[in-house]
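# Residue-level structure breakdown
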Amino acid sequence: MTLGFVDWLIMLVYFVFVLGIGFALKRYMRTSHDFFLAGRSIPAWVCGLAFISANLGAQEVIGMGASGAKYGIITSHFYWIGAIPAMVFVGVFMMPFYYGSKARSVPEFLRMRFDEKTRAINAFSFAIMTVFSSGISMYAMALLIQTLGLFDKLMPPQYIFHVSVILSAVIVLGYIFLGGLTSAIYNEVLQFFLIVAGFAPLVWIGLRNVGGWHGIQQKLPATMTHSWRGMAHANTNSLGVEWVGLTMGLGFVLSFGYWCTDFLVVQRAMAADSEESARRVPLIAAIPKMFFPFLVILPGLIAVTVTSNMGKDLPVTATSATIAARGQVVAPKHFLGLIPEKVNPLNGEAIVDDKGKPVYNYDLAIPVMLLHYFPTGILGLGLTALLASFMSGMAGNVTAFNTVWTYDIYQSYINKRGTDAHYLWMGRMATIGGVVLSIGAAYAATRFNNIMDALQLIFSLVNAPLFATFLLGMFWKRTTGHGAFTGLLAGTFAALLHHGLTLPMGETPGLHGAWISHVHTYPSDMAQNFWTAIFAFSVNLLVTIAVSLVTRPRPESELVGLVYSLTPKPVEGHLAWYEKPSSLAIAVLVMLVALNLVFR
C-alpha cells in the first residue's frame, strides 16, 4: 500500500492533537481526584460520547467488522440485545447508587455494599481484564500497521509488528500520563467524531458497489442477512447459538454484566457534573450506539458480498469457522485478498485449521475494505479513524486500570497512609505499569482470528459472575458479604471449568478451551462464550443465595443508598419532560424495538 502526502498529514495531525490535549490538561491535574475522576465536572453530553467511545476500541470497530464478515447481520444482537437494554438499566437504576455513594470505583462500591474481601477479588480480576482488553486493542493496531505495510520502507517486515506495539503503547501512555481521565475523555469525544467521519463514506461507497442492502441479501445466505431467522436451533444460524443462549448469555448476563459493572464505562458516567447528568450519560450514549451496526458491521458484510460477486467462476473452499444453515458458507479462496488468510505476525507463517485449510483473518475485513474503496485523502481519514478506535480502547482500559490499582489495591493493601500527592504519583506509575502489561497481552491475542471472540471470553470469565453479585446486592437486602465473596469465587471457577471442558468446532484444545478435557463441542467460539457466561452467572447466583441465608446480613441502617428498596428515589419534578431519564429511556426502547422488527 502507498499512502499519499495528505494521508500521512492527516494521521500526523491526529497524533499531535491527542498528545497536545494531554499537555494542555497536565496543569489541571493537581490532585488524585482530578487525575482519576476528572474532578466530577464534565457535562453529560461529553461523558455520553466518552461512555460509548471507551467501548469503541478494537473490539468495536475491528471485532464487529470481523464478526459481520464471519457471522452476518446477526452480529447486531451485540448492540440491540447485548448493549442498549443494559445501558438503559444502568442509567435508570444503577447510576444513582454509583454516583450517590461517592464511590471512586466499582470495587470500592462493592466494599461499601458488602465487605473488603469482595472488593479485593473484583479489584484484582478487573485489573487483569483491563490489561487483556487493552492488549487486544494494541494487537489490533499493530496488526493493522503490519498488514498495510506502513513501515515497509523503514525496517525489515519481521520487526514491524513489534515496533507497532511499542509505538501505540507510547502514544497512549503519553496523553494518559499527562492528563489522566480528563485527557482520555476529551480524546474519546474526538475519536467518536473521527470514527463516524471515517466509516460513513466507506458504508455509502460499499453499498453502492454491491447494490445496496437488497444486493447483499441476494448474494449471501438468509441466515447472514436476518438477525432473528434460524435462532430456534444452534445449527440453523451463522452464530451457532439458539435464542435461549443468545437472550440469556448475551442479552442478560454478558450485556448487563459489562455495562452495569465494568468500571471502564461506569467511570465515564461517574465523571459527570451531577447525579442527574450521570443518569443521562448512558441514555444519551445509547442513541448513537444503536446505529453503530450500520458503521461497523455492514463493512464486514460488504466485504463478503464483494468477494462472492467477484468470485462466481473461481474454485471455492469452505471457510474454517463460518457456519450457515445446515452447512458452511463457501467463499472464493483467499477471499480474493479482501479478507486475507490468518498469518502469525510473529513469524509470518500462514495459520491453518486442523484439516489443513487456511484460517481467514476476519479481523482485517474493515482495513482491507478501506484500501479497496478509499482514494488518497479519504484513505488517510479512514485509517486515522481506525487508529483512533484503537487509541480509545487502550486509553479507556488504562485509565480504569490505574484508578483501580491505586485506590483499590495500592491504597487499600500496600500504603494506606500516603498523601494525595503520593497517590497521584502512584496513578502515573500505574499508567506505565498497565501499558507494559498490555504489551504482553497483545502477544497473547495473536492466537485468535476474531478478537471479538477473545473479548467475549474474558467478559464471560469476569463480568458474568460479577453481575449476579450486583443484582442480588442491589435488589435483595439479605445478601451478605460472605455470600457475595463465595459466590464470586464459585462463579469464576464454574466459568473456568466450563471453558476447560468444552471446545468450539474446528479448534484444537488449548486457548480456545478443552484444556482440562474435551467433553462437549459448541458450533462456534461465541456460542461457547455465551454458555460460559450463563454457567458462571447461575452458579454465582445460587451459591450467593445459599451462603447469604446461613450468614448474618448487615443492619438496614448501613445499607441506605446501597440497596434499591432502602434508597430514596431520585427527584425529577424540576426537570422538563425531555430531560427526565425515564423519558429518554422510553424513547430509546421504542427505537430499539423498531430496529429489531425491521431486520428480524
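Residues numbered from 1 in each chain as written. Predicted model: local features only at pLDDT ≥ 70, side-chain atom pairs only at ≥ 80, totals over all residues. Heavy atoms only, no water.

## Structural notes on the overall build of the chain
Selection criterion: Counting from the N terminus, the helices are DSSP H or I runs at least four residues long and the strands are E runs at least two residues long. The classification of residues rests on relative accessible area computed with a 1.4 Å probe and restricted to protein chains. Under 20% of the type maximum is buried, over 50% is exposed, and intermediate values are partly exposed. In these tables, accessible area is a Shrake-Rupley quantity obtained with a 1.4 Å probe, and a residue counts as shielded only by the protein chains included in the view.
Along its length, the chain carries 22 helices and four strands. Considering the chain as a whole, with its 600 residues, one finds that 62% of them fall into the buried category. Carbon and sulfur atoms provide 68% of the accessible area of the chain, an area that totals close to 21300 Å².

## Focus on empty space enclosed by the protein
Worth spelling out the cut-off: With a 1 Å grid laid over protein atoms only, a set of points is called a cavity when a 1.4 Å probe fits there but cannot get out and a pocket when it is open yet has protein on both sides within 12 Å along at least five of seven lines; lining residues have an atom within 4 Å of a point. Grid points are joined across faces, edges and corners, and a volume is the space filled by probe spheres set on the points.
Within the structure shown, the criterion is met by five cavities of 30 Å³ or more. Lining the second largest cavity are 10 residues, and of these Ile62, Ala140, Leu143, Asp363 and Leu364 lie nearest its centre. Here the element with the most residues in the lining of the second largest cavity is helix α8 (residues 116–148); it accounts for four residues.

## Considering the environment of Met112
Convention followed: It only takes one pair of heavy atoms within 4.5 Å for two residues to be counted as in contact.
Structurally, the position occupied by Met112 is in helix α7 (residues 106–113). For the pair Met112 and Ser101, spaced 11 residues apart in sequence, the C-alpha separation works out to 8.4 Å. Excluding residues within four positions of it along the chain, Met112 makes contact with Ser101, Lys102, Ala103, Arg554 and Leu562.

## Observations regarding the environment of Arg30
With respect to the helices, strands and loops of the structure, Arg30 is situated in the loop between α1 (5–25) and α2 (32–37). By relative accessible area, which is 61% here, Arg30 ends up exposed. Arg30 sits 390 residues away from Asp420 along the chain, and the two C-alpha atoms are 9.5 Å apart. Setting aside chain neighbours within four positions, we find Arg30 in contact with Asp420 and Leu424.

## A short note on the packing of aromatic side chains
Spelled out, the test is: Stacked, tilted and edge-to-face are the three classes applied to pairs of Phe, Tyr and Trp rings, where Trp contributes its six-membered ring and a pair requires centres within 6.5 Å; stacked means planes under 30 degrees apart, edge-to-face means over 60, and tilted covers the rest.
According to the stated counting rule, one finds 28 aromatic pairs in the structure shown. Summarising the aromatic geometry, the rings of Phe192 and Phe193 are spaced 5.3 Å apart at their centres and angled 80 degrees between planes, so their arrangement reads as edge-to-face. Relative accessible area serves as the criterion here: at 8%, Phe192 is assigned to the buried category. A relative accessible area of 46% means that Phe193 is categorised as partly exposed. Judged by centre distance (5.9 Å) and plane angle (50 degrees), the ring pair of Phe192 and Phe292 falls under tilted. One end of the pair, Phe192, is in helix α9 (residues 157–210); the other, Phe292, is in the loop between α13 (275–289) and α14 (293–296), with 100 residues separating them in the sequence.

## Focus: helix α11 (residues 243–261)
Rules: To get the bend at any residue, fit one axis to the seven residues that end at it and another to the seven that begin at it, then take the angle between the two axes.
Of all the bends found along α11, the most pronounced is centred on Ser255 and spans about 35 degrees. Buried residues dominate α11, accounting for 14 of its 19 residues.

## What to know about the pattern of salt bridges
The condition that has to hold: A carboxyl oxygen of Asp or Glu within 4 Å of a side-chain nitrogen of Lys or Arg is what we treat as a salt bridge.
For the structure shown, the criterion picks out seven salt bridges. Glu116 is the partner of Arg119 in a salt bridge, and the nearest nitrogen-oxygen pair spans 2.8 Å. One end of the pair, Arg119, and the other, Glu116, are both in helix α8, three residues apart, so they sit about a helical turn from each other. Put simply, Arg554 and Glu558 hold a salt bridge, and the shortest N to O gap is 3.1 Å.

## Observations concerning the side chain of Gln528
Rules: For the purposes of these results, a polar contact is taken to be a pair of N or O atoms within 3.5 Å, where, inside protein, one atom must be able to donate a hydrogen and its partner to accept one; residues adjacent in sequence count only when each atom of the pair is a side-chain atom.
Relative to the elements of secondary structure, Gln528 occurs in helix α21 (residues 525–549). With relative accessibility at 1%, the residue Gln528 sits in the buried group. For Gln528, the side chain forms a polar contact with the side chain of Thr502, separated by 3.1 Å. When near neighbours in sequence (up to four residues on either side) are disregarded, Gln528 contacts His498, His499, Thr502, Leu503, Pro504, His512, Gly513 and Tyr522.

## So, the environment of Phe126
By the secondary structure assignment, Phe126 is in helix α8. Since its relative accessible area comes to 4%, Phe126 is described here as buried. Linking Phe126 and Leu264, residues 138 residues apart in sequence, is a C-alpha distance of 9.4 Å. Setting aside residues no more than four positions away along its own chain, Phe126 makes contact with Asp262, Phe263, Leu264, Ala400 and Val404.

## Brief notes about the layout of surface pockets
To be explicit about the condition: Note that Gly is not counted as nonpolar here; it falls among the polar residues with everything else outside the nonpolar set of Ala, Val, Leu, Ile, Met, Phe, Trp, Tyr, Cys and Pro and the charged set of Asp, Glu, Lys and Arg.
In this structure, the largest pocket spans a volume of roughly 530 Å³. Lining the largest pocket are 25 residues, with Ile128, Phe132, Leu457, Ile458 and Leu461 positioned closest to its centre. Split by residue class, the lining of the largest pocket holds 21 nonpolar, four polar and no charged.

## So, a nonpolar patch on the surface
Our working rule: Here, patches come from residues exposed beyond 30% relative accessible area and free of salt bridges, joined within 9 Å for like charges and within 5 Å for nonpolar side chains (Val, Leu, Ile, Met, Phe, Trp, Tyr).
Taken together, the side chains of Phe5, Val6, Leu9, Leu12, Val13 and Val16 present a nonpolar region at the surface, about 590 Å² in accessible area. Tracing the chain through its elements places Val13 in helix α1. We classify Val13 as partly exposed; its relative accessible area is 47%.

## Some words on the confidence of the model for the chain
Selection rule: Note: pLDDT gives the predictor's confidence per residue, expressed from 0 to 100.
Averaged over the chain, the pLDDT score is 81; the fraction of residues at 70 or greater is 88%. Put simply, strand β1 (residues 316–324) is where the chain has its lowest mean pLDDT, 32, and helix α20 (residues 481–501) is where it has its highest, 93. Across residues 310–337, confidence stays below pLDDT 50; counting only partners more than four residues off in sequence or on other chains, it has 61 contacts.

## A look at the side chain of Thr225
Looking at the secondary structure, you find Thr225 in the loop between α10 (212–219) and α11. A residue is classified by how much of its surface remains accessible, and Thr225, at 3% relative accessible area, is buried. Here Thr225 is in contact with Ile73, Trp213, Ile216, Gln217 and Leu220, once residues within four sequence places are set aside.

## Considerations on the packing of helix α3 (residues 44–53) against helix α12 (residues 263–270)
Between two packed helices, the angle of one axis relative to the other and the distance separating the axes together describe the packing. The test is simple: Geometry is summarised by axes, namely lines fitted to C-alpha atoms with helices restricted to the contacting stretch, and by angles between N-to-C directions that run from 0 to 180 degrees. Angle categories are assigned with fixed cut-offs, so that under 35 degrees is roughly parallel, over 145 is roughly antiparallel, 65 to 115 is roughly perpendicular, and the rest are oblique.
Interhelical geometry of α3 versus α12 gives an angle of 175 degrees and a closest axis separation of 8 Å. Classified by the angle between their axes, α3 and α12 sit roughly antiparallel to one another. Counted together, Cys47, Ala50 and Phe51 of α3 and Val265, Val266, Arg268 and Ala269 of α12 form the full contact between these two elements. Of the residues in the contact of α3 with α12, the class split is six nonpolar, no polar and one charged.

## Focus: α10
Put simply, the rule is: Of all possible arcs, the one meant is that of the directions from the helix axis to the C-beta atoms.
Every buried residue of α10 is accounted for by Gly212, Gly215 and Ile216. Considered in projection along α10, the buried side chains sweep an arc of 100 degrees and stay on one side of the axis. Facing away from the buried side of α10 by more than 90 degrees, the exposed set consists of His214 and Gln218.

## Focus on unusual backbone geometry
One non-glycine residue, Ala514, lies in the positive phi region at around 60 degrees. By the secondary structure assignment, Ala514 is in the loop between β3 (502–504) and β4 (520–522).

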